[in-house]
Amino acid sequence: MYRSDIEIAQSCTMQPITRIAETAGVPEEYLELYGNYKAKVDYRLLSQSQRKNGKLILVTAINPTPAGEGKTTTTVGLADGLRRLGKHALVALREPSLGPVFGVKGGAAGGGYAQVVPMEDINLHFTGDFHAIGAANNLLAAMLDNHIQQGNALGIDVKRVVWKRCVDMNDRQLRNIVCGLGGRMQGVPREDGFDITVASEVMAVLCLASDIPDLKARLSRMVVAYTFAGKPVTAGDLHAAGAMAALLKDALKPNLVQTLEGTPAFIHGGPFANIAHGCNSVMATKMALKLGDYAVTEAGFGADLGAEKFLDIKCRLAGLRPDAVVVVATVRALKNHGGVAKAQLNEENLEALEKGLPNRLQHVANI
């Protein structure tokens, strides 16, 4: 009988996260427990470990289709397979956003028997990273509007405020709003809006940061508005970076969980690839490399977007170089790119499959 992803996940007997940490090679003093099956790992492990880095494997895909490509499933399955062969492999993935989880896309913890668990926790509030990112983002927004309310010493043009508030939910009604209504003491009226948390620049900055000082520096450089003279105003100009970093101090630490087969998995950060680099954090990837002989990770969307940003942004910034790249290309997806509608993708159609093959070849050429 066919079982759903959640039924498979809930039937799994998870190992205590302390045992998973031992399998990964995380010393106890770097482990911060979040219950029995989740933990954070102190990023100081990276600077204090003398172990040579393992090999980096990137999983990407051809262009997304309504049928999906299965990057996460392939990433998890590949790491589990390597461990079955006796290799010391770890996984590094993004954290799911509540918007897609409760939308058409659904969860992002893999599928079938290639999942990371506890699946419900990972797909929902997990260790609170996204809530911390949202709080830091909205603290900056509040400090910006308070500066304007308290005399606007920087000369900020309220018609040129580019910093938005955020919420980790698909809420179309909040994309464009008018705020500051209610009279003189309630703020300065202006147009504003909300982004989803994973589209916040704070998310992208967190995923590129190497430690707290680096995080503060990156936060300080974020542009939030422009003055009447056209000069950019940054979070540093508002003296917001320190307070924001305080809210993010725990969110900066990578999260450790496990696959259904007990493979250690770092799940940390998740900027959308259409507005940022679409990868899990540099810190989590480096930690997987430092601890394992093989680190298997993925990049969002297709190879023409996620993989290119992984290579052009994340790898260049972090000094990484993949040893292998896997391009996921399902037969159903190839038929879809060959002109077949989603409803007919399970029917044999060799002509459409042939028409879809150039798409895959172009992605391979890009890599």
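The paragraphs below set out a description of the structure included in this document. (Residues numbered from 1 in each chain as written. Predicted model: local features only at pLDDT ≥ 70, side-chain atom pairs only at ≥ 80, totals over all residues. Heavy atoms only, no water.)

On to the packing of helix α8 (residues 201-208) against helix α9 (residues 212-220), then. A packed helix pair is summarised by two numbers, namely the angle formed by the two axes and the spacing between the axes. Two numbers describe how α8 lies on α9: the axes approach to 9 Å, and their chain directions differ by 150 degrees. Once α8 is placed against α9, the crossing between them reads as right-handed. Across the interface between the two elements, V202, V205, L206 and L208 of α8 pack against D214, L215, R218 and L219 of α9. Classifying every residue of the contact of α8 with α9 gives six nonpolar, no polar and two charged. (Axes fitted to C-alpha atoms, helices over the stretch in contact; angles between N-to-C directions. Helix = DSSP H or I, 4+ residues; strand = E, 2+ residues; numbered from the N terminus. Left-handed = near helix turned anticlockwise from the far one by under 90°. Contact = heavy atoms within 4.5 Å. Nonpolar A, V, L, I, M, F, W, Y, C, P; charged D, E, K, R; others polar.)

An order of β7-β12-β13 is seen for the three strands of this open sheet, with the pairing classed as antiparallel. The sheet is open, and its two borders are formed by β7 (156-161) and β13 (232-234), each paired with just one other strand. This sheet shows a mean twist of 50 degrees between the axes of neighbouring strands, independent of strand direction. Two elements, β7 and strand β12 (residues 223-227), share two bridges in a ladder whose sense is antiparallel. Bridging across to β12, I156 finds its partner in T227. In this fold helix α7 (residues 129-149) packs onto β7 and β12, with an angle of close to 135 degrees to the strand it touches most, β7. (Pairing = 2+ DSSP bridges.)

Within the element layout of this structure, T297 appears in strand β16 (residues 294-298). Polar contacts involving the side chain of T297 include one to the side chain of N280, which spans 2.8 Å. (Polar contact = N/O pair within 3.5 Å; in protein donor to acceptor, adjacent residues only side chain to side chain.)

What follows deals with the nonpolar core. Among the nonpolar cores identified, the biggest contains 70 residues, and L215, L219 and L248 are the most heavily contacted of them. Top element by residues in this core is α7. It accounts for eight residues. Leaving out residues up to four positions away in the same chain, L215 has contacts with V205, L206, A209, A245, L248 and L252. Of all hydrophobic cores here, the second largest spans 25 residues; its members include A61, A79, V116 and I267. (Core = buried A, V, L, I, M, F, W, Y, C linked by side-chain atoms within 4.5 Å. Buried < 20%, exposed > 50% of the residue type's maximum accessible area, 1.4 Å probe, protein only.)

It is at 8 Å that the axes of α7 and helix α10 (residues 241-248) come closest, and there the two elements cross at 165 degrees. Put simply, α7 runs roughly antiparallel to α10. Like other packed secondary-structure pairs, α7 and α10 cross with a definite hand, here right-handed. Facing A132, I133, A135, A136, L139 and L140 of α7, the residues of α10 in contact are A243, M244, L247 and L248. (Parallel < 35°, antiparallel > 145°, perpendicular 65-115°, else oblique.)

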